[in-house]
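Tertiary structure, described
Residue-level listing of the chains:
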Amino acid sequence: MLKTVNPATGQEIARYTELSLAQIEERLASAQKTFTRWRQEPLQTRASLLHRLAGAFEEHKEKLARQATMEMGKTYLSALAEVEKCIACFRHYAKEGPAMLQDKAYGLSNGGQAEIKFLPLGPILAIMPWNFPYWQVVRFLAPAILAGNVGLLKHASIVQGTAAMIEEMTLAADAPPGLFQNLAIGSKAVAQIIDDPRVAAVTLTGSENAGSAVAAQAGRQLKKVVLELGGSDPFIVMPSADFDKALKQAVTARIQNTGQSCICGKRMIVHADIYDRFQEEFIAAMRAVKAGDPMDVASDMGPLSSTAQRDTVLQQLEEAKRQGAKLDGGKALPGPGAFMSAGVLTGLPEGSAFLQEEVFGPVAMLFRVRNIDEAIRIANDIPYGLGSSIWTEDKAEQTRFINEIEAGMTAINQMLVSSPEAPFGGIKRSGHGRELGTYGLHEFMNLKTVLRPGS
């Protein structure tokens with residue numbers, strides 16, 4: 001039985017019966033049957049479905065946003081923004097995607113010709129997290145549908161209502177039955193689905209441990225996997241930066257989604273020339289962050305996704321203090337729900353085991369550095385390599401940060417965000433492969449080479 005709970009109140013919302021083995025088989029058979037037809041549909045037919053999906057999300061965006069807020073606690077305004085981002089993603093691939101899938105021809109050194117065709121693989125299993133319950137799914141689903149694949153969703157157990165609504169939207173858009181199906185299952189059922197020969201590939205967004213387990217399972221079947229895992233992104237501020245803008249964005253980056261984002265700026269690495277001022281004003285700004293009812297537009301952030309998630313963060317903070325850090329804020333708030341205050345950790349010693357972890361909550365770490373070499377060294381001294389945010393007007397510094405920070409993404413003078421047009425993903429223990437953009441579209445395709453003799 002899967003249970004959803006409102007993290008703002010602690011009240012149970014609904015229970016969902018997990019699919020039986022027979023029901024899982026029905027869905028796998030439906031996915032395979034639909035794929036054999038969907039792959040033959042013209043590109044414009046597939047693109048038209050994406051336009052209709054955008055329309056369905058647009059028509060029901062308030063309902064969709066309320067569901068996400070109720071199930072995982074993000075503010076209603078941010079949930080609305082997430083749904084609107086999904087709409088933009090559908091429309092982007094509907095408009096720009098067909099050109100990304102056109103055959104490409106090359107001349108060969110032997111006088112012959114090569115043609116590259118982009119062909120679908122089959123049913124794709126998506127294992128998705130609760131933190132962006134619509135966006136994480138749509139950024140897989142939109143390119144998958146356009147490519148001619150079909151989707152199977154194993155969503156996080158705490159957002160089963162949201163998962164069901166995504167399937168509801170596909171049916172409202174008149175998608176073929178079996179094109180996208182929500183699998184209400186627990187994690188124990190995932191292995192057998194990955195092993196099923198009808199499942200062509202797997203994409204997962206989640207924890208490092210989950211990614212490792214899924215990659216190992218898929219590897220035994222030699223199946224393609226895209227992994228978007230954790231991060232502890234550096235947010236580096238140098239003396240030439242626009243100080244006020246960097247400070248404001250640092251707060252936003254850390255508290256967005258109540259700090260539950262893989263690309264939140266988590267480690268604020270600040271040059272010594274401006275560190276004291278930054279620390280004073282950053283701590284003051286974090287103290288002013290209002291955690292409250294996520295439906296209230298006056299709330300800066302809602303609760304964490306569950307009391308268990310909040311308790312995990314609080315335990316991490318206690319460990320950080322044992323390792324020598326000083327904590328300002330970062331406390332559980334009284335009353336029902338999984339609320340906590342925003343916080344700042346200072347004085348973490350280099351080599352601290354805490355720095356090897358991802359903190360999935362609204363608590364930032366502050367570091368003082370003397371120069372760019374030290375900033376790059378501290379930025380890279382973690383097992384993760386997802387994103388980074390760099391604040392400097394010095395072009396030479398920008399070039400060094402871009403080339404030397406070990407991350408899949410670097411944002412210059414802005415906080416890191418994802419968008420439908422640009423590839424998204426990391427290196428090191430943050431995963432491999434890319435979502436979004438042309439590269440994300442091609443991840444789950446057979447790039448088939450066709451050779452022809454010269455004329």
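These notes cover the structure that comes with them. (Residues numbered from 1 in each chain as written. Predicted model: local features only at pLDDT ≥ 70, side-chain atom pairs only at ≥ 80, totals over all residues. Heavy atoms only, no water.)

**Section: the sheet that holds strand β20 (residues 445-452)**
What counts, and what does not: Only strands that DSSP links by at least two bridges are regarded as paired with each other. Think of it this way: any DSSP run of H or I at least four residues long counts as a helix, any run of E at least two long counts as a strand, and we number them from the N terminus. What counts as an axis is a line fitted to C-alpha atoms, over the stretch in contact for a helix, and the angles between N-to-C directions run from 0 to 180 degrees.
Pairing is antiparallel in the open sheet, where 3 strands are placed in the order β3-β4-β20. Whereas interior strands pair on both sides, the edge strands pair on one side only; in this sheet they are β3 (104-107) and β20. On average, each strand axis in the sheet is tilted by 25° relative to the strand beside it, whichever way the strands run.

**Thoughts on unusual backbone geometry**
The phi torsion of most residues other than glycine is negative, and most of the peptide bonds are trans. Formally: Only protein chains enter the accessibility calculation, which uses a 1.4 Å probe. A residue is then buried if its area is under 20% of the maximum for its type, exposed if over 50%, and partly exposed in between.
Phi at D174 takes a positive value of approximately 65°, unusual for a residue other than glycine. With respect to the secondary-structure elements, D174 resides in the loop between α6 (160-172) and β7 (180-182). Accessibility expressed as a relative area gives 58% for D174, which makes it exposed. One non-glycine residue, N413, lies in the positive phi region at around 55°. Note that N413 resides in the loop between β17 (411-412) and β18 (427-428). For N413, a relative accessible area of 17% puts it in the buried group.

**Quick word on the side chain of T75**
Mapped onto the elements of the fold, T75 is located in the loop between α3 (61-72) and α4 (76-100). Residue classification places T75 among the buried positions, given a relative accessible area of 12%.

**Description of the packing of aromatic side chains**
Our working definition: Two rings from Phe, Tyr or Trp (for Trp, the six-membered ring) form a pair when their centres are within 6.5 Å of each other. A pair whose planes differ by under 30 degrees is stacked, one over 60 is edge-to-face, and the rest are tilted.
Under the defined criterion, the tally for this structure stands at 6 aromatic pairs. Ring geometry for F57 against F90: centres 5.3 Å apart, planes inclined by 65°, an arrangement best described as edge-to-face. Of the two residues, F57 is situated in helix α2 (residues 43-59) and F90 in helix α4; the sequence distance between them amounts to 33 residues. Both residues of the pair, F57 and F90, belong to the buried class.

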